[in-house]
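Chain residues, written in single-letter form:
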Amino acid sequence: MALVSTSELVAEAYQAGTGTVAFNVITLEHAEAILDGAQRAERPVILQVSQNAIRFHGGLVTPILAACRALAVASPVRASIHLDHLVDPALLRAGADAGASSLMYDASRLDYQQNLAATRAETQWAHEQELFLEAELGEVGGKDGAHAPGVRTDPEEARAFVAATGVDALAVAVGSSHAMASRTATLDFDLIARLRAAVDVPLVLHGSSGVANEDLRRAVEAGITKVNVGTILNVEFTRAVRDLLDRDPSVVDPRRYLTPARDAMAETVHAILKAVS
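Note that the structure is a prediction, hence the values are computed from the model and not measured.

Calculation notes
Residues numbered from 1 in each chain as written. Predicted model: local features only at pLDDT ≥ 70, side-chain atom pairs only at ≥ 80, totals over all residues. Heavy atoms only, no water. Helix = DSSP H or I, 4+ residues; strand = E, 2+ residues; numbered from the N terminus. Buried < 20%, exposed > 50% of the residue type's maximum accessible area, 1.4 Å probe, protein only. Contact = heavy atoms within 4.5 Å. Lys, Arg positive; Asp, Glu negative; His and termini not counted. Charge placed at Lys NZ, Arg CZ, Asp CG, Glu CD. Salt bridge = Lys/Arg side-chain N within 4 Å of Asp/Glu carboxyl O. Core = buried A, V, L, I, M, F, W, Y, C linked by side-chain atoms within 4.5 Å. Pairing = 2+ DSSP bridges. Right-handed = clockwise from strand over helix to strand, strands pointing away. Arc of directions from axis to C-beta. UniProt positions renumbered as here; feature names shortened; annotations may be inferred. Polar contact = N/O pair within 3.5 Å; in protein donor to acceptor, adjacent residues only side chain to side chain.

Peer 1: Hey, could you go over the overall build of the chain for me, with residue numbers and the actual values?
Peer 2: When you go through the chain residue by residue, the secondary structure sums to 11 helices and eight strands. Per-residue burial for the chain yields a buried fraction of 53% across its 277 residues. Sequence-distant contacts in the chain: of pairs separated by 6 or more residues, those separated by 24 or more amount to 71%. Of note, the chain has its 24 positive side-chain charges centred 4 Å away from the centre of its 35 negative side-chain charges.

And the structure:
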């Protein structure tokens, strides 16, 4: 199946009132598991690489995106490539050159006016390159330890921000938090509905690993379109590795423990895709 654009997958879900899911890729096994899970679920999927993952790979964008692209092209499911939480504008350019069809520019740590100005400039550049650009208004809790469970996106501020910047999608704070290892987040479904009514672009839920599958489904029904998932894959990956090494500490061949780890991630991808899309 040919590699597709994120804008295509998001537009389909937005128009149908369903969800599309972006799963974080850190290693080759993550990408393989995501595509395997998507094939089992018979759903399209977004392969998402964050600035932190790029840093892990020595700051190089091209190798990890080239691997994602090759796997996506070989997969029977439709898949796109997205770069997430890019703080450095230079990485937007590098990501575009490396084949990403969509980018999330994160200026949320700036004050409102600075965020607006920076996001507007990067959106204009992205649109000139025919790229889909996502942004964030206010910081979603939990990023880099800045846990702020009370943070919420104001619908009127969101409306003004989208109108002023021209972004293609907006990440909103509605009760989820990044890096949650347990699925105990409580979402504000009424706020999601009000945000959906206030803006005319798809809404994105970050920190979705901390949200139970049934609540992810409710979030999509309330108005979320793109669902970002990362940490829960790492939880399942690590659990499977630990289980095998606990049973047989003599194992030294990484294929022995990476195989069940990859399978565990694929099962999680399958379940989440079936729940929300």
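And the narrative resumes.
Peer 1: Can you break down the pattern of salt bridges residue by residue, with the values?
Peer 2: All told, the structure shown has 13 salt bridges when counted by the stated rule. Between R93 and E122 there is a salt bridge, with its nearest N and O atoms 2.5 Å apart. In this pair, R93 sits in helix α5 (residues 89-97) while E122 sits in helix α6 (residues 112-128), placing the two residues 29 residues apart along the sequence. Overall, the relative accessible area of 10% leaves E122 in the buried class. Via salt bridges that share partners, E8, E12 and R78 belong to a single interconnected network.

Peer 1: Please give an account of the nonpolar core that cites residues and values.
Peer 2: Ranked by internal contacts, the top residues of the largest apolar core, which has 78 residues, are F23, V49, L65 and L83. Here this core takes nine residues from helix α11 (residues 254-276), the largest share from any one element. Grouped together as the second largest cluster of nonpolar side chains are six residues, V10, F132, A169 and V204 included.

Peer 1: Break down the pairing of strand β4 (residues 102-105) for me, citing the residues and quoting the values.
Peer 2: Of the two faces of β4, both are covered, the one formed by S102 and M104 as well as the one formed by L103 and Y105. Across three bridges, the pairing between strand β3 (residues 79-86) and β4 is parallel. Bridged to L83 within β4 is L103. Taking the sense of rotation as the criterion, the β-α-β connection linking β3, α5 and β4 turns out right-handed. As judged from the four bridges shared by β4 and strand β5 (residues 132-136), these two strands associate in the parallel manner. Bridging from a neighbouring strand, M104 pairs with E134 of β5. For the handedness criterion, the β-α-β arrangement of β4, α6 and β5 is classed as right-handed.

Peer 1: Let's hear about unusual backbone geometry: which residues, and what values?
Peer 2: Although it is not a glycine, E42 sits at a positive phi angle of roughly 55°. Checked against the element boundaries, E42 lands in the loop between α2 (28-41) and β2 (45-50). Given the relative accessible area of 68%, E42 is considered exposed. Unlike most non-glycine residues, H85 shows phi in positive territory, near 50°. The buried category is assigned to H85, whose relative accessible area is 6%.

Peer 1: Now, about helix α1 (residues 6-16): what can you tell me, with residues and values included?
Peer 2: Since there are 3.6 residues in each turn of an α-helix, residues three or four apart along the chain are aligned in direction. Of the positions making up α1, those classed as buried are T6, L9, V10 and A13. Across the axial projection of α1, the buried residues extend over an arc of 95°, all falling on one side. In this structure, α1 carries Q15 and A16 as exposed residues pointing more than 90 degrees from its buried face. Where α1 is buried, its residues contact β1 (20-24), β2, β3, β4, β5 and β8 (224-229). After α1 finishes, the residue G17 shows a positive phi value of roughly 70°.

Peer 1: An account of the UniProt feature "active site" (unreviewed entry) in the chain is requested, with residue identities and associated values reported.
Peer 2: As annotated in UniProt, the feature "active site" (unreviewed entry) corresponds to D84 in the numbering used here. With respect to the secondary-structure elements, D84 resides in strand β3. Setting aside chain neighbours within four positions, we find D84 in contact with Q48, V49, S50, Q51, M104, E134, H206 and N228.

Peer 1: How would you explain the side chain of E134 if you had to name every residue and give the values?
Peer 2: Note on placement: E134 falls in strand β5. Among the polar contacts made by the side chain of E134, one reaches the side chain of H206 at a distance of 2.7 Å. The residues touching E134, leaving out its near neighbours within four places in the chain, are H82, D84, L103, M104, Y105, A169, A171, V204, H206, K226 and N228.

Peer 1: Got a sec to walk through the UniProt feature "binding site: Zn(2+) 2" (unreviewed entry) in the chain? Specific residues and values, please.
Peer 2: Residues annotated in UniProt with the feature "binding site: Zn(2+) 2" (unreviewed entry) correspond here to D106 and E136. Across 31 residues in sequence, these annotated residues keep their C-alpha atoms within 6.0 Å of one another, forming a single compact spot. Assignment of secondary structure puts D106 in the loop between β4 and α6. According to the relative accessible area criterion, D106 is buried, its value standing at 11%. When neighbours within four sequence positions are excluded, D106 is seen to be in contact with H85, L86, V87 and E136. Polar side-chain contacts of D106 include one of 2.7 Å to the side chain of H85. Relative to the elements of secondary structure, E136 occurs in strand β5. Ignoring sequence-local partners within four residues, the contact set of E136 consists of H85, M104, Y105, D106, S108, N115, F161, L170, A171 and H206. Within the local environment of E136, its side chain forms a polar contact with the side chain of S108, the two groups lying 3.3 Å apart.

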